[in-house]
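Coordinates in review
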Amino acid sequence: LLDAGADRNAADAAGTTPLLAAALGGHLEVVRRLVHPQLDAGVRDAEGRSPLALACTAAATTPELVSLLLDLGGDLAQHDEHGRSALDIAVEAGCW
């Protein structure tokens, strides 16, 4: 779909973009495929969680995915609407 011109930043009714969904699922290869100058890597979900924060909760997350999201501008200190950082979320989820 991307090769046919699909919008990398398209959001569903809940505001979820492909990057947010891929990060939440821990899908490194999908995130790699989405990387493009037009990608909005600073997108946040309805609760203010970044792709990095969502990846930190995913059971399938790898250090490589976290590193890629950091390279894309992810900020470990950025807080969601509940005042939690990606690091706080990872600790709460018991993933790291």
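Placed above this text is the structure.
Just so it is clear, the model here is predicted, and its values are computed rather than measured. (Residues numbered from 1 in each chain as written. Predicted model: local features only at pLDDT ≥ 70, side-chain atom pairs only at ≥ 80, totals over all residues. Heavy atoms only, no water.)

**Details of the overall build of the chain**
Across its full length, the chain holds 5 helices and 0 strands. Shown N-terminal to C-terminal, the secondary structure of the chain runs as helices and strands in the order α-α-α-α-α. Taken over C-alpha atoms, the radius of gyration comes to 13 Å for the chain, in line with the 12 Å a tight globule of 96 residues would show. C-alpha extents for the chain along the principal axes are approximately 40 × 25 × 20 Å. For the chain, buried positions account for 34% of its 96 residues. The contacts of the chain with a sequence gap of at least 6 include a subset with a gap of at least 24, amounting to 65%. With an accessible surface of roughly 5,300 Å², the chain has 55% of that area assigned to carbon and sulfur atoms. (Helix = DSSP H or I, 4+ residues; strand = E, 2+ residues; numbered from the N terminus. Rg over C-alpha atoms; globule rule 2.2 N^0.38 Å. Buried < 20%, exposed > 50% of the residue type's maximum accessible area, 1.4 Å probe, protein only. Contact = heavy atoms within 4.5 Å. Areas by Shrake-Rupley, 256 points an atom, 1.4 Å probe, with all protein chains shown as cover.)

**A word on helix H1 (residues 18–25)**
By the burial criterion, the buried members of H1 are Leu19, Leu20, Ala22 and Ala23. The arc enclosing the buried residues of H1, seen along the axis, measures out at 165 degrees, which places them on a common side. Where H1 is buried, its residues meet helix H2 (28–34), helix H3 (51–55) and helix H4 (63–71). Note on H1: the residue one or two positions beyond its end, Gly26, has a positive phi of about 70 degrees. (Arc of directions from axis to C-beta.)

**Focus: H4**
Within H4, burial applies to Leu65, Val66, Leu68 and Leu69. Angular distribution of buried residues about the axis of H4 spans 160 degrees; they occupy a single face of the element. Away from its buried face, by an angle of more than 90 degrees, H4 presents the exposed residues Pro63 and Asp71. Packing partners of the buried residues in H4 comprise H1, H2 and H3.

**Looking at the environment of Val66**
When you line up the elements, Val66 lands in helix H4. Separated by 43 residues in the primary sequence, Val66 and Ala23 have C-alpha atoms spaced 8.9 Å apart.

**So, the nonpolar core**
Counting 22 residues, the largest nonpolar core has Leu19, Val31, Leu34, Leu52, Leu65 and Leu69 as its most contacted members. Setting aside chain neighbours within four positions, we find Leu69 in contact with Leu19, Ala23, Val31, Pro51, Leu52, Ala55 and Gly74. (Core = buried A, V, L, I, M, F, W, Y, C linked by side-chain atoms within 4.5 Å.)

**Notes on the side chain of Asp45**
Among the secondary structure elements, Asp45 is positioned in the loop between H2 and H3. The exposure class assigned to Asp45 is buried, which follows from its relative accessible area of 14%. At a separation of 2.9 Å, a polar atom in the side chain of Asp45 contacts the main-chain amide nitrogen of Glu47. (Polar contact = N/O pair within 3.5 Å; in protein donor to acceptor, adjacent residues only side chain to side chain.)

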